[in-house]
Amino acid sequence: MSAKNWLFDLAPARWRHEEVFHRNPVELACMLRLHLDAEVLAMQAGLKALRTALAGRLRRADSIEIIEAYVREQAWAKGMREQVALVEDALHHALGGAARKRVAWRIVSGP
């Protein structure tokens, strides 16, 4: 499997219809990394909101499973983001471009 195909497998399906990403896999990787940054933040916000809503209430088994699902999804997105960043760097290098500085998003790891 090529790096570009792997990136497309992780990206939203509609991105396959964007010809610019087929011509520019480095930009596909960059945009996918940003997309995964947003997923991490979304899971963080969702988890915080859920915990706030459950504060002071007895936690049912479903609530615990939902919290665990948020945590798993956030961990997956973080892991994929790191892998995509490695592929992005490799594509930059392979295509002879200088790696761009990444926007430093401050993502706080929550419990």
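This is a predicted model, so every value here is computed, not measured.

Peer 1: Give a detailed account of the overall build of the protein, specifying residues and quantitative values.
Peer 2: Looking only at helices and strands, the protein features 4 helices and 0 strands. When its helices and strands are written in sequence order, the protein yields α-α-α-α. Buried positions account for 30% of the 111 residues belonging to the protein. Across the protein, every contact between residues at least 6 apart in sequence was considered, and the portion connecting residues at least 24 apart equals 59%. Of the roughly 7400 Å² that the protein leaves accessible, carbon and sulfur atoms contribute 59%.

Peer 1: So, the pattern of salt bridges: which residues are in play, and what are the values?
Peer 2: According to the stated counting rule, one finds 4 salt bridges in the structure shown. In this structure, the salt-bridge partner of Arg-16 is Asp-9, at a minimum N-O distance of 2.5 Å. Taking the shortest distance from any N to any O, the salt bridge between Arg-81 and Glu-82 comes out at 3.5 Å. Classification of Arg-81 as buried rests on a relative accessible area of 13%. Assessed through its relative accessible area of 47%, Glu-82 is described here as partly exposed. The network of salt bridges with common partners includes Asp-37, Arg-81 and Glu-82.

Peer 1: Quick one: what's the story with the environment of Val-40, residue by residue and with numbers?
Peer 2: Its location among the elements puts Val-40 in helix 3 (residues 25-54). With a relative accessible area of 0%, Val-40 lands in the buried category. Taking the C-alpha atoms as reference points, Val-40 and Tyr-70, separated by 30 residues in sequence, lie 9.7 Å from one another.

Peer 1: Quick one: what's the story with the packing of helix 1 (residues 3-10) against helix 4 (residues 61-94), residue by residue and with numbers?
Peer 2: Two elements in contact, helix 1 and helix 4, have axes separated by 11 Å at closest approach and are oriented at 150°. One way to sum up the angle between helix 1 and helix 4 is to call them roughly antiparallel. Seen from above, helix 1 lies across helix 4 with left-handed handedness. Here helix 1 contributes Ala-3, Trp-6, Leu-7 and Leu-10 to the contact with helix 4, which in turn contributes Trp-76, Met-80, Gln-83, Val-84, Val-87 and Leu-91. Tallied by class, residues from the contact of helix 1 with helix 4 come to 9 nonpolar, 1 polar and no charged.

Peer 1: Any chance you could break down the packing of helix 1 against helix 3 for me, citing the residues and the numbers?
Peer 2: Here helix 1 crosses helix 3 at 30°, and the two axes come no closer than 10 Å. By the angle between their directions, the pair helix 1 and helix 3 is classed as roughly parallel. Handedness of the helix 1/helix 3 crossing: left-handed. In contact with Lys-4, Leu-7, Phe-8 and Leu-10 of helix 1, helix 3 contributes Pro-25, Leu-28, Ala-29 and Leu-32. A class-by-class count of the residues in the contact of helix 1 with helix 3 yields 7 nonpolar, no polar and 1 charged.

Peer 1: Quick rundown of the nonpolar core? Include the residues and the values.
Peer 2: Within the largest apolar cluster, 16 residues are counted, with the highest numbers of intra-cluster contacts made by Leu-7, Trp-15, Leu-28, Leu-32, Leu-36, Val-84 and Leu-91. For this core, the secondary structure elements donating two or more residues are helix 1, helix 3 and helix 4. Counting residues per element, this core draws most heavily on helix 3, which supplies 6 residues. Leave out the neighbours within four places in its chain, and Leu-32 touches Leu-7, Leu-10, Ala-11, Trp-15 and Val-84.

Quick notes on the rules
- Residues numbered from 1 in each chain as written.
- Predicted model: local features only at pLDDT ≥ 70, side-chain atom pairs only at ≥ 80, totals over all residues.
- Heavy atoms only, no water.
- Helix = DSSP H or I, 4+ residues; strand = E, 2+ residues; numbered from the N terminus.
- Buried < 20%, exposed > 50% of the residue type's maximum accessible area, 1.4 Å probe, protein only.
- Contact = heavy atoms within 4.5 Å.
- Areas by Shrake-Rupley, 256 points an atom, 1.4 Å probe, with all protein chains shown as cover.
- Salt bridge = Lys/Arg side-chain N within 4 Å of Asp/Glu carboxyl O.
- Axes fitted to C-alpha atoms, helices over the stretch in contact; angles between N-to-C directions.
- Parallel < 35°, antiparallel > 145°, perpendicular 65-115°, else oblique.
- Left-handed = near helix turned anticlockwise from the far one by under 90°.
- Nonpolar A, V, L, I, M, F, W, Y, C, P; charged D, E, K, R; others polar.
- Core = buried A, V, L, I, M, F, W, Y, C linked by side-chain atoms within 4.5 Å.

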